[in-house]
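Survey of secondary and tertiary structure
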Amino acid sequence: MKTVKDIYCFVCPSHCALKATFDETGKIVKVIADSRSGQHCDICDCAKGPNTIPEVHSHGKRLQFPMKRAGERGRNQWIRITWDEALDTIAEKMKYYRDNFGPESIAMVLGEPKSMDYAFLQRFATFLETPNVITPGNYCGVQTGHADQFSIGTMHVLSDPQGDPGCIIIWGANPLNTGSNFRCYSRAQVKRALKNGAKLIMMEPGHNRYCDSADHWLRLKPGSDGALAMGMVKVIIEEDLYDKDYIAKNTVGFEELKKEVANFTLEDVAAETWIPIETLREVSRIYATAKPGMILWGNALENSAAALQICRAVSMLRGLTGNVGVVGGELINTPAKFGRPGRFYFDRSHPRPTGKSIGKEFPIAMGAAYVPTQSLVQTILSEDPYPVKMAMCHVTNPLLTYPDSVATYEAFMKLPFLVVAEIFPTSTMAIADIVLPAALPLEHDSIAYWPAWLGHIRAQPKCVEPPGEAWPDAKMINELAKRMGMREHFFENWEESLDLMMADSGMTFNEFCAVRVLGPTKHYLNDDPERYFKTPSGKFEFYSQQMAQLGISPLPTYKEVSAARFGKEAFEHYPLYLTNGKEGAYFSSGYRHIEAMKKYKAEAICEMHPDTAAKYKLKDGEMITIESRKGRIQQRLKTADYIHPKVVMAAFGWWDTWAEDNEFNWRKYNINVLSDGDKPNCPATGSVQLRGIPVRVYAAEPVMETQCLPTSENERQESV
Ligand SMILES: Nc1nc2c(c(=O)[nH]1)N[C@H]1C(S)=C(S)[C@@H](COP(=O)(O)OP(=O)(O)OC[C@H]3O[C@@H](n4cnc5c(=O)[nH]c(N)nc54)[C@H](O)[C@@H]3O)O[C@H]1N2
Ligand SMILES: Nc1nc2c(c(=O)[nH]1)N[C@H]1C(S)=C(S)[C@@H](COP(=O)(O)OP(=O)(O)OC[C@H]3O[C@@H](n4cnc5c(=O)[nH]c(N)nc54)[C@H](O)[C@@H]3O)O[C@H]1N2
Ligand code: SF4
Ligand SMILES: [Mo]
């Protein structure tokens, strides 16, 4: 008999409410939206959750058993081993490196948290006393979060679903693809606001469906968002459009900001952003007057060598127009009551030895407990200040997602010992020494508490068996901790940690499974006008003393936000600006095995203006080469009128899941072969420039045999 259960999607951290149908054998056969639940359910355009979940749990390519490398690195030849052998080997290596090279020679390499994986690995690093925990913090979440932290005093700032905004700016975000829950404002809410007369402004060099209904669609130069924001600040101040009463009562540093806008002209902004002055004036007037105004910001703002200051520049707009704390604007939220993840990660008796960290030059990174990814790669290669000997990779695929894939490959190949915990074979997994098969959410009891700034938590009880001997990452780490003599800091059974995370709520994990979700509480300025902002001054801070104390600019300056990571000379040889958005059909570089998603996107496609294509004698639909000073890749060309003639909008995260004998072709289509982690990086967060990279394009060269293209569909099936 078939059964139906309520679940949450785990494919992206929007965690839409879904209904899953199970067959007699317990297999998930169908997943649909649970739009009647009253819970968050704003399914992405490609329906990644409903399409991916049934297939991923029973996919034939899932890793099922621990394995050790048999042949040379990268040949992808393996011997199945037991969990005991895998964990004993890892513990033995780890003890050797810890005792001979110091715990800092061991790196924990993490991706975005899925369940308790990240929490266990951070905790493990704490008690191992390594400061080298590498996460995607250098391009994800930290920059927008800290801009809010410095301006407003907390990262828990979410859009107010009640009350219609007069203006919505979608800025470097594509919530229709990537999930709307990050900003807590769904497409239904956008639709309602637009119906009620809200103006929609898109800051978007590419295209998504929101662009079609926008009042203004600003196709800005990739990477020029900081200049654009400062330009808007200047118009709002100079045209006297700011909220004087709000500024007087609730902010500090306005005079300093006012002084800063005298340091540049709107001509400077227009030249830097490609946005005409009149358009800049018009959108600034709309945002400042069509109140309340709401800015749904996204990851494009975070992928820059000035990322923190760019996000701060955008955040200035919120303070200037008095849109924080008001109905229909942006609100401070108190997270739901559950164990603060930070308390799980850290321990007072074991302060993180940041002085020894390979990312110590980046103050925000140290405060947020991560090392920028490029710092790991550079340190492995240079061995300066010391050699890194071993890495544990969980929930990440660095060969595809780190800037400068070739350097990343060389670095990971140089590591004496590499452990990769994965659900599928990947390029990074292919060069590991030990591979650990991971169980997904729904295959074990888990909770979803990410993204942390949302302050929500969701129960994900086990409802399907993991394949073979796959384990939750948390269990792997718990069992490794016992072998490393850290039992007192961990658990007899890792699942006890779920009750610990729930303790503040007064519920056990099992009790929580009946409740399913705890959400944050929102607060309006009127509730507590004297102490609303959580900053040291208790006000919205245009000027942040805290930032000054950290050695970073207390106020975003035009000079800093518009400082070019790549000089003019770089564009002489490489005249086009490369950028990307996330793929609608896949999550970062993951889930590329899922057949059901191929109908949405089956290969890496880059977009370019038809005139640009014609100029370089390229035809729509053909494979082309994209080259930067770092390397070259191939993607299939799609010409599109809406792309600026100087922009190449490429695809992110592509590799060949079926090319088994050459590390799954990570070099061929991978946009990060073109990017780099070289200095300068964001001095606060270590962010790297992923938007606006100088490239050139030309017709693709013939495919070489070593690239192992399948000759027929049969062969393809066999090699999968
Ligand atoms: N489907 C899907 N969902 C995902 C992910 C995924 O890979 N696929 N990844 C997850 C992750 S890790 C993250 S961080 C979030 C991110 O999700 P978003 O915040 O939506 O970020 P992106 O998709 O990277 O980029 C958003 C938009 O910015 C545009 N853009 C590119 N360059 C620039 C620029 O220089 N300036 C401006 N203003 N816009 C630019 C792109 O065209 C794109 O439409 O999504 C998460 N959700
Ligand atoms: N050029 C360029 N580079 C980028 C970006 C960009 O827009 N442009 N975006 C950046 C951003 S915002 C981010 S967040 C990073 C993302 O980069 P990564 O952190 O490397 O994330 P993924 O590519 O999603 O890789 C996650 C891997 O974990 C596996 N996995 C899924 N669930 C589990 C699990 O429960 N346990 C284990 N052990 N494994 C699991 C998946 O199969 C997948 O291979 O990429 C960054 N890099
Ligand atoms: S937006 Fe898509 S991938 Fe994200 S939770 Fe919802 S269904 Fe899943
Ligand atoms: Mo991300």
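What counts, and at which threshold
- Residues numbered from 1 in each chain as written.
- Chains lettered and ligands numbered in written order.
- Predicted model: local features only at pLDDT ≥ 70, side-chain atom pairs only at ≥ 80, totals over all residues.
- Heavy atoms only, no water.
- Near = heavy atom within 4 Å.
- Nonpolar A, V, L, I, M, F, W, Y, C, P; charged D, E, K, R; others polar.
- Phe/Tyr/Trp six-rings, centres within 6.5 Å; stacked < 30°, edge-to-face > 60°.
- Helix = DSSP H or I, 4+ residues; strand = E, 2+ residues; numbered from the N terminus.
- Lys NZ or Arg CZ within 6 Å of the ring centre and 35° of its normal.
- Buried < 20%, exposed > 50% of the residue type's maximum accessible area, 1.4 Å probe, protein only.
- Pairing = 2+ DSSP bridges.
- Contact = heavy atoms within 4.5 Å.

Some remarks on the site of ligand 3
Ligand 3 sits among 13 residues. The nearest are Cys9, Cys12, His15, Cys16 and Cys44. Along the lines of polarity and charge, the residues of the shell around ligand 3 split into seven nonpolar, four polar and two charged.

Re the packing of aromatic side chains
Overall, the coordinates contain 28 aromatic pairs when judged by the stated rule. For the pair Phe264 and Tyr558, a centre-to-centre distance of 4.2 Å together with 15 degrees between the ring planes defines the contact as stacked. In this pair, Phe264 sits in the loop between α10 (254-260) and α11 (266-273) while Tyr558 sits in helix α24 (residues 558-561), placing the two residues 294 residues apart along the sequence. Centre to centre, the rings of Phe533 and Phe540 are 6.1 Å apart; their planes meet at 90 degrees, and the pair counts as edge-to-face. What links up through ring pairs into an aromatic cluster is the set Phe120, Phe124, Phe127, Phe344, Phe490, Phe491 and Trp494. The ring of Trp297 carries Arg318 above its face, with NZ or CZ at 4.1 Å from the centroid. One cation-aromatic arrangement involves Arg592 over Trp654; the distance from NZ or CZ to the ring centre is 4.5 Å.

What about the pairing of strand β19 (residues 457-460)?
In β19, alternate side chains face the same way, and those of Ile457 and Ala459 on one face and Arg458 and Gln460 on the other are all buried. Bridge analysis of strand β18 (residues 446-448) against β19 gives three bridges, and the strand direction is antiparallel. Along β19, the bridge assignment pairs Ala448 with Arg458. Where β19 and strand β20 (residues 517-518) come together, two bridges link them in antiparallel fashion. Looking at β20, one finds that Ile457 is bridged to Leu518.

Examining the side chain of Asp404
With respect to the helices, strands and loops of the structure, Asp404 is situated in the loop between α17 (398-401) and α18 (405-414). Those residues in contact with Asp404 that lie beyond four places of it in its chain are Lys630, Asn672, Ser675, Asp676 and Gly677.

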